[in-house]
Structure formats: structure tokens, C-alpha cells
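Summary of structural features
Given next are the chains, with one letter for each unit.
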Amino acid sequence: MGFGGVLGGASLSAWGAGLTQEQVGWNEQAGEFVLPPLPYGASDLEPHIDAQTMNIHHDRHHAGYVRGLNSALQALQEVRLGGDTKRVEALSRDLAFNLGGHLNHTLFWNNMTPGGSEPSEELVSRLEGSFNSYEAFQAHFKAAAGSVKGSGWAWLVFEPLSGQMMILQMFDQQDGTPPGLVPLLGVDVWEHAYYLKYQNRRAEYIDAFMRVVNWREVEQRLNAARSAARGR
Ligand code: MN3
């Protein structure tokens, strides 16, 4: 089973399109995903995101999604061979949840960079085109992240048909949004992402996240998505 076979056809396909096989840890020989290492050290985002949170979040939570993803794929393979289609419904949900969790976290680690960064003038003017002003974008993004009920995410996405950037909420790990949206910047607001350091002060965590954003990565994903949209 190739990488395209895993991601193709589902609404998550565009969600993973900004990532390389290496970034998502797809092992062709083994036919399974391997937890990719963090793209920097666990303490490198301090004081904004603490090392203990990063270690637990990556080594336990993200690892759990990769494990769940591999077992769902394996079990679905057995179902196909054995013809026991009664398990398809539950396994399909497991697959969507864990694949979503794996891709979301892989995007999230790459959305951050030690010391943070500033968006380029070009990216700021594109954000102004979609959100009126950079300040309005920031306020909108923080409000979306701050108001997710329960576990979920806020995402800045590119919508290829309109060429606009949009901000949306995602619940749990699944891409419950229309297919084709390209993720540009996501913040995990599950409690495991911030509770050790910020407890119930989610807004402080979101402010801290904004200080370590990897705007270069955001801009690269946006440029790739814009070229793909033009080439359609
Ligand atoms: Mn998480």
C-alpha cells in the first residue's frame, strides 16, 4: 500500500498535501507510519511552551495517534482479507480519528519554531486581503482558538476555489470541514497541549503559541497551495 493509497480520496488528502512522506514518517517497506521526531528540541520553545508539555504531547499523545493509525490500517487489511465487514464502521472512525490526529500534530510541530518569527510583508498583505488587517486576523484567530468547546483546534486554511484564507474550528482530530481546504496554521487547544503550564488559562497559551509561530512554513504552504490552485 503506497502513501497515496492511505491518504487518497479522503477529505484529509488536501490536509496532508503540504507535508512530505518523511515529515509524516511513512515507512514504505514496513507499510506503516513511524512517529516522526520533533523538528527541534523539546525545550527549544521555552519559555512559551515548556519541555515537559512538549515531551508528553509528542512522545505519548502523538505516539498514540500513530499507534492507533497503524492498528486501524492493519485491522482494516485483515477485514478485507477475511470479509468480516461488520467491523468496518468502527475501524473507519478509528482510522479517521487517528490519521487526523497524526497529520494535525505533524503540521502543528512544524507550525512552531524556536524563538518565533515575523510574517513577511508579502504574507501580511495576503492576510490583510482576507481579513482586512493583520491585527484583525490575529484577533479573529485567537477568538476562534479560545472559543473551541471541548477538545479541538483552530486553523488558518486556504480555500482554493475562492483563493481566500479562512479561519475555522475543528473538533477532536477530524477534518470535519469541506474537502479541499489546505491547512496553513493550526493551534491545538486540547487541554493536554497547555494544562501543565497554563492550567485553565487557555488565552495565555494561545498568546504564547503566537510568539513561536513559524511564519516561513505558513507562507511556504500558502504559496504551494496557491500554485496548485492556479494549475488546476
Ligand atoms: Mn494534541
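Residues numbered from 1 in each chain as written. Predicted model: local features only at pLDDT ≥ 70, side-chain atom pairs only at ≥ 80, totals over all residues. Heavy atoms only, no water.

**Quick notes on helix 6 (residues 121–131)**
Condition: Only protein chains enter the accessibility calculation, which uses a 1.4 Å probe; a residue is then buried when its area is under 20% of its type maximum, exposed when over 50%, and partly exposed in between. The secondary structure listing takes helices from DSSP runs of H or I that are at least 4 residues long and strands from runs of E that are at least 2 residues long, numbered from the N terminus. Taken from the helix axis, the directions to the C-beta atoms give the arc we talk about. Should any heavy atoms of two residues lie within 4.5 Å, those residues are considered in contact.
Along helix 6, the positions that sit buried rather than exposed are Leu123, Val124, Leu127 and Phe131. Along the axis of helix 6, the buried positions cluster into a sector of 100°, meaning they face one direction only. Turned more than 90 degrees off the buried face of helix 6, the exposed positions are Glu121 and Gly129. Along its buried surface, helix 6 packs onto helix 7 (134–146), strand 3 (152–159), strand 4 (164–171) and helix 10 (215–230). Where helix 6 terminates, the next one or two residues include Asn132, which has phi positive at roughly 80°.

**Overview of the environment of Ala154**
Considering the arrangement of structural elements, one finds Ala154 in strand 3. With a relative accessible area of 0%, Ala154 lands in the buried category. Remark: the alpha-carbon pair of Ala154 and Asn132, spanning 22 residues in sequence, is separated by 19 Å. The residues contacting Ala154, other than those within four sequence positions of it, are Phe141, Ala144, Ala145, Leu168, Leu185, Gly186 and Val187.

**Quick look at the side chain of Arg202**
The following threshold applies: Charged-residue counts in this description rest on Lys and Arg as positive and Asp and Glu as negative, His and the chain ends being excluded. Note on definitions: salt bridges are taken to be side-chain nitrogens of Lys or Arg within 4 Å of carboxyl oxygens of Asp or Glu.
Along the chain, Arg202 falls in helix 9 (residues 202–210). Put simply, Arg202 is tucked away with no salt bridge, and the nearest opposite charge, on Glu191, sits 6.3 Å away.

**Some remarks on the sheet that holds strand 5 (residues 182–188)**
The condition is simple: Criterion used throughout: strands pair if DSSP finds at least two bridges between them. Only C-alpha atoms enter the line fits that serve as axes; for helices the fit covers just the stretch in contact. Angles between N-to-C directions range over 0 to 180 degrees.
Sheet architecture is open: 3 strands sit in the order 4-3-5, paired in antiparallel fashion. Either end of the sheet is taken by a strand with one partner, and the two such strands are strand 4 and strand 5. Across this sheet, the average inter-strand angle for adjacent strands is 20°, counted without regard to direction. As paired elements, strand 3 and strand 5 share 6 bridges and run antiparallel to each other. The partner of Trp155 across the bridge, within strand 5, is Gly186.

**Side note on the confidence of the model for the chain**
Note the following rule: Residue-level confidence of the predictor, termed pLDDT, takes values from 0 up to 100.
In this model, the chain carries a mean pLDDT of 90, and residues with pLDDT of at least 70 account for 92%. This model gives residues 1–13 a pLDDT under 50, and the stretch forms 23 contacts once residues within four places in sequence are excluded.

**A word on the packing of aromatic side chains**
Test applied: Only Phe, Tyr and Trp rings are paired, with Trp represented by its six-membered ring, and only when their centres lie within 6.5 Å; those with planes under 30 degrees apart are stacked, over 60 edge-to-face, the remainder tilted.
All told, the structure shown has 16 aromatic pairs when counted by the stated rule. Chaining the aromatic ring pairs together yields one cluster made of Trp15, Phe108, Trp109, Trp153, Trp155 and Phe209.

**Observations regarding helix 7**
We count it as follows: The span you would expect from a helix comes to 1.5 Å times its residue count less one.
The first and last C-alpha atoms of helix 7 sit 18 Å apart over 13 residues, in line with the 18 Å expected at 1.5 Å per residue. Listed as buried for helix 7 are Tyr134, Phe137, Phe141, Ala144 and Ala145. Seen along its axis, helix 7 keeps its buried residues to an arc of 95°; they face one direction. The inward-facing, buried residues of helix 7 abut helix 6, strand 3, strand 4, strand 5, helix 9 and helix 10.

**Some thoughts on the coordination of the manganese ion**
Just so we agree on the cut-off: We call an atom a donor if it is N, O or S and sits within 2.8 Å of the metal, or 3.2 Å for Na, K and Ca. Water is not counted, so some sites may look partial.
Bound to the manganese ion are the protein donor atoms His57 (NE2), His105 (NE2), Asp188 (OD) and His192 (NE2), situated 2.0 to 2.2 Å from the metal. When its relative accessible area of 2% is taken as the criterion, His57 is described as buried. By relative accessible area, His105 is classed as buried at 0%.

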